[in-house]
Amino acid sequence: MTIEDFLYLRIIPPNILLNLRVIFLVVSLLLLAGIIFFLKKSSWLNTMYISDVQAFLGAKTSLDRKYDKIWSKIKKRLERNSESEWKVAIIEADGFLNKILEKMGYQGESLGERLQKLDTVTLPSIQEAWQAHKFRNNIVHDPDFKVNREEAENTIRFYEKALRDLNILS
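What you see is a predicted model; the values in this text were computed from it and never measured.

It is worth spelling out the overall build of the protein at this point. Secondary structure summary: the protein contains eight helices and zero strands in total. Per-residue burial over the protein gives 26% buried out of 170 residues. By sequence separation, contacts in the protein at least 24 residues apart represent 54% of the contacts at least 6 residues apart. Working note: accessible area of the protein is about 11700 Å², and carbon and sulfur atoms make up 59% of it.

In terms of nonpolar packing, the biggest core is built from 31 residues, with Trp71 and Leu97 touching the most fellow members. Looking at this core, the elements that each hand over two or more residues are α4 (62–79), α5 (83–103), α6 (111–116), α7 (126–141) and α8 (149–165). Top contributing element to this core by residue count: α5, with eight residues.

Over its 21 residues, α5 runs 30 Å from end to end, which matches the ideal 30 Å to within 8%, given 1.5 Å per residue. Among the residues of α5, those classed as buried are Glu85, Trp86, Lys87, Ala89, Ile90, Ala93, Asp94, Phe96, Leu97, Asn98, Ile100 and Leu101. Directly after α5, the chain includes Gly105, whose backbone phi takes a positive value near 100°.

Here we take up the pattern of salt bridges. Under the definition given, this model contains eight salt bridges. A salt bridge links Glu83 to Lys87, with the nearest nitrogen and oxygen atoms 3.8 Å apart. You can see Glu83 and its partner Lys87 sitting in helix α5, four residues apart, about one turn around the helix. On the basis of relative accessible area, Glu83 is assigned to the partly exposed category, the value being 25%. Relative accessible area serves as the criterion here: at 15%, Lys87 is assigned to the buried category. The shortest N-O distance in the salt bridge between Arg149 and Glu153 comes to 3.6 Å. Here Arg149 and its partner Glu153 are both found in helix α8, four residues apart, which amounts to about one turn of the helix. Arg149 gets classed as partly exposed once you look at its relative accessible area, which sits at 29%. Given the relative accessible area of 31%, Glu153 is considered partly exposed. In the salt-bridge network here, residues are joined through shared partners; they are Arg77, Arg80, Glu85 and Glu92.

One can find Ser125 in the loop between α6 and α7. What makes Ser125 buried here is its relative accessible area of 0%. At a separation of 2.7 Å, a polar atom in the side chain of Ser125 contacts the side chain of Asp165. The residues touching Ser125, leaving out its near neighbours within four places in the chain, are Lys161, Ala162 and Asp165.

Within the fold, Arg114 resides in helix α6. With no salt bridge to any partner, buried Arg114 finds its closest opposite charge in Glu102, at an N-O distance of 4.1 Å. Once residues within four sequence positions are removed from consideration, Arg114 is found in contact with Asn98, Leu101, Glu102, Tyr106, Gln107, Gly108 and Glu109.

Quick notes on the rules
- Residues numbered from 1 in each chain as written.
- Predicted model: local features only at pLDDT ≥ 70, side-chain atom pairs only at ≥ 80, totals over all residues.
- Heavy atoms only, no water.
- Helix = DSSP H or I, 4+ residues; strand = E, 2+ residues; numbered from the N terminus.
- Buried < 20%, exposed > 50% of the residue type's maximum accessible area, 1.4 Å probe, protein only.
- Contact = heavy atoms within 4.5 Å.
- Areas by Shrake-Rupley, 256 points an atom, 1.4 Å probe, with all protein chains shown as cover.
- Core = buried A, V, L, I, M, F, W, Y, C linked by side-chain atoms within 4.5 Å.
- Expected span 1.5 Å × (residues − 1).
- Salt bridge = Lys/Arg side-chain N within 4 Å of Asp/Glu carboxyl O.
- Polar contact = N/O pair within 3.5 Å; in protein donor to acceptor, adjacent residues only side chain to side chain.
- Lys, Arg positive; Asp, Glu negative; His and termini not counted.

The structure is reproduced here in structure tokens:
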């Protein structure tokens, strides 16, 4: 005699057992749907699996697209014919590099402190990054500091090179 035969004959009548099976099936399906829903809403699944598959296949991840979008906004400021826009582009690029280094785990209160922790192996364009950061400091600390388009483009190019060396921009 099997367990199922025992349950049918001794403890639970067959009609109640069938009802219990249906109820447990419905509850299981609802729980499965909830798990799927919350996995899609959270970034865990993307972080653990999808981004690796996309990187393997050469597709851009959502984080890559986000960084590219931020960078394109910064570069669009250079297209405007305004010194203040060029200054803002440089300040934003500095902040962007600072945020990236912070997310990568480099400790420090400012970009300067984080850059001190890097070397040419980690960031081959460290000298350009320092030059760009110093130029940004001149803009921030001296309200009369003048910037021309060529200087702004060179400074943004230095930041871009550093971000490419860190594999942030493609």
